[in-house]
Amino acid sequence: MEYTEIMVRYGELSTKGKNRKDFIARLGGNIRKSLKDFEQVVVHPNRDRTHVTLNGASSAAVIARLKRVFGIQNLSPMLKVEKSMEAVQEGALAMMKEQLKPQMTFKINTRRSDKDFPINTDTMNRELGGFILENFPESQVKMKNPDITLRVEIRSNGIFLTSEVINGAGGLPVGTAGKGMMMLSGGIDSPVAAYLGMKRGVEMEMVHFFSPPYTSEQALAKAKELSGKLAAYSGNVQFLQVPFAEIQETIKEKCPEGYLMTIQRRMMLRLTVALAQKRGGLAIFNGESLGQVASQTMESMMAINDVTTMPIIRPVVSMDKNEIIEIAKEIDTYDLSIMPFEDCCTIFAPPAPKTRPDLEKARYYESKIDVEGLMKRALDGVQVTNIHAGEEFLNQNEEVFAELL
Ligand code: ATP
Ligand code: MG
């Protein structure tokens, strides 16, 4: 069934005057961005609803995109027809053929804002209801809680038919909460944490530490491709790759093994804070979940958190691994995350990291390395890539390999 427009209803928008305006404008912008390649589509944001006029674009394809845009509570595909009873009947028949199964109940609900239209709401409800019954003799009219409510809106510019309400992604429009820096590894947890932060309106910049030659191009490509998956929820994301090998080599050389992990994490956090300050980030996000691994005890968080007063938000902190995996599958990051490319942390992971590191000791051992110099060189080597929704990086590599063979 090809519809002519989609009506978008908002979720929990802030109700305060100016905020509400900003939210609607931001949502409209995000919808436009997510539909950028449908050139004929026109987006009209209004106070209570946003109308997306399809002008021939596939309604199924547009709906699939809209379902990922945060700030949309639900949406209804609509069919615009000429202002005649025949046109209404023809349109309603096409819609009911797809939706009204034998034994199902329905009702017609007409609203007429164009009072010049000669058929009033009662007549429309009765006549259209009769017409549907003739065509679907096994169905039934039911006024209370029918399976399908077919809405008929008679407006001055046409008659609009709608019968489906499709759930949206909920949340708040990405960008309305400000910018956050997401520490994105190639693992399962951090992409889920990024998704949850974006759901609450945070515009995420992805910060990824990589350690060539200890980590491969594949590991980097995987983190970028994960960012492409997450960009589906915002249109695009900035990906910041930070070279981390020199720091890891230095820590390994100068600090005791039990503190390698804690001091590495302190450096990662410092660098992320520096990037946030430079780029207007208001908070750091990571994928830590309490008790999951050695670095994720509260003692460890305290020893690592020590380097900054910037808020660190951990969206998956109290989730079980299987709950996180469930979301990872839903947002289509899971299959990528479990691809076995080595991460910079696995390579320099000490055999027995301290699960309860001591803050004073961490500070003391860290004083053996040149924190400032190491940070400066890492920051000088940062590369920024603008990544679009669905952009792929691993496949490209495969093609390159195929050409080489
Ligand atoms: P994940 O599945 O997100 O990798 P994890 O359970 O493997 O998490 P750790 O490896 O201890 O946990 O990492 C904890 C958090 O530290 C990650 O969720 C991520 O936010 C951050 N982190 C770890 N490695 C990197 C990296 N290479 N680049 C950026 N952030 C990282
Ligand atoms: Mg990890």
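The rules behind the values
- Residues numbered from 1 in each chain as written.
- Chains lettered and ligands numbered in written order.
- Predicted model: local features only at pLDDT ≥ 70, side-chain atom pairs only at ≥ 80, totals over all residues.
- Heavy atoms only, no water.
- UniProt positions renumbered as here; feature names shortened; annotations may be inferred.
- Near = heavy atom within 4 Å.
- Polar contact = N/O pair within 3.5 Å; in protein donor to acceptor, adjacent residues only side chain to side chain.
- Areas by Shrake-Rupley, 256 points an atom, 1.4 Å probe, with all protein chains shown as cover.
- 1 Å grid on protein atoms, 1.4 Å probe; cavity = no way out; pocket = protein on both sides within 12 Å on 5 of 7 lines; lining within 4 Å.
- Sits in = over half its atoms within 2 Å of the grid points.
- Helix = DSSP H or I, 4+ residues; strand = E, 2+ residues; numbered from the N terminus.
- Nonpolar A, V, L, I, M, F, W, Y, C, P; charged D, E, K, R; others polar.
- Axes fitted to C-alpha atoms, helices over the stretch in contact; angles between N-to-C directions.
- Parallel < 35°, antiparallel > 145°, perpendicular 65-115°, else oblique.
- Left-handed = near helix turned anticlockwise from the far one by under 90°.
- Contact = heavy atoms within 4.5 Å.
- Points joined across faces, edges and corners; volume = space filled by probe spheres on them.
- Core = buried A, V, L, I, M, F, W, Y, C linked by side-chain atoms within 4.5 Å.
- Buried < 20%, exposed > 50% of the residue type's maximum accessible area, 1.4 Å probe, protein only.
- Domains from an automatic or database assignment.

- As annotated in an unreviewed UniProt entry, the protein is Probable tRNA sulfurtransferase from Pediococcus acidilactici DSM 20284.
- Of the protein, the UniProt comment under Subcellular location (unreviewed entry) reads exactly: "Cytoplasm".
- The record held by UniProt for the protein lists under Pathway (unreviewed entry) the comment "Cofactor biosynthesis; thiamine diphosphate biosynthesis."

### Side note on the site of ligand 1
Alright, step 1. Around ligand 1 sit 22 residues in total, of which Met-183, Ser-185, Asp-189, Ser-190 and Gln-292 are the nearest.
Alright, step 2. Residue Ile-188 places a main-chain N or O atom 2.9 Å away from an oxygen atom belonging to ligand 1.
Alright, step 3. A distance of 2.6 Å is found between an oxygen atom of ligand 1 and a side-chain nitrogen or oxygen belonging to Asp-189.
Alright, step 4. Relative to its unbound accessible surface of 580 Å², ligand 1 loses 90% to contact with the protein.
Alright, step 5. Taking a 2 Å distance to the grid points as the criterion, the majority of the atoms of ligand 1 fall inside the largest pocket.
Alright, step 6. Among the secondary structure elements, those contributing two or more residues to the shell around ligand 1 are α5 (189-199), β11 (202-210), α8 (260-279) and α12 (344-347).
Alright, step 7. Top contributing element to the shell around ligand 1 by residue count: β11, with three residues.
Alright, step 8. Each residue belonging to the shell around ligand 1 can be placed in one class, and the counts come to nine nonpolar, nine polar and four charged.

### Some thoughts on the packing of α5 against helix α10 (residues 321-330)
Alright, step 1. The contact between α5 and α10 brings their axes to 9 Å, and the two run at 70 degrees. As the angle between them shows, α5 and α10 are arranged roughly perpendicular. Crossing hand, α5 versus α10: left-handed. Residue-level contacts link Asp-189, Val-192, Tyr-195 and Leu-196 of α5 to Lys-321, Ile-324, Ile-327 and Ala-328 of α10.

### Describing the layout of surface pockets
Alright, step 1. For the largest pocket, the calculated volume is near 1,000 Å³.
Alright, step 2. Contributing to the lining of the largest pocket are 46 residues, with Ser-185, Arg-265, Gln-296, Asp-343 and Cys-345 lying nearest its centre.
Alright, step 3. At the level of secondary structure, the elements contributing two or more residues to the lining of the largest pocket comprise α5, β11, α6 (217-231), α8, α9 (298-305) and α12.
Alright, step 4. Of the residues in the lining of the largest pocket, the class split is 23 nonpolar, 15 polar and eight charged.
Alright, step 5. Estimates place the volume of the second largest pocket at around 270 Å³.
Alright, step 6. Lining the second largest pocket are Lys-33, Ser-34, Lys-36, Asp-37, Ala-64, Arg-65, Arg-68, Ala-232, Gly-235, Asn-236, His-388 and Ala-389.

### Topic: the nonpolar core
Alright, step 1. Ranked by size, the top nonpolar core spans 38 residues in total, and within it Met-182, Met-198, Met-206 and Leu-230 carry the most contacts.
Alright, step 2. Elements with a contribution of two residues or more to this core: α5, β11, α6, β12 (236-243), β13 (283-285), α10 and α11 (334-337).
Alright, step 3. Of all the elements, α6 adds the most residues to this core, at six residues.
Alright, step 4. Not counting chain neighbours up to four residues away, the residues in contact with Met-206 comprise Met-182, Leu-184, Ala-194, Ser-227, Leu-230, Val-237, Gln-238, Phe-239 and Leu-240.
Alright, step 5. Met-181, Met-268, Cys-344 and Val-382 belong to the second largest nonpolar core, which has 34 residues in total.

### A short note on empty space enclosed by the protein
Alright, step 1. Taken as a whole, this structure holds one cavity of 30 Å³ or more when the rule is applied.
Alright, step 2. Considering only enclosed or pocket space, the largest cavity measures out at about 40 Å³ in volume.
Alright, step 3. Each of two domains, domain 1 (3-165) and domain 2 (177-401), supplies a minimum of three residues to the lining of the largest cavity.

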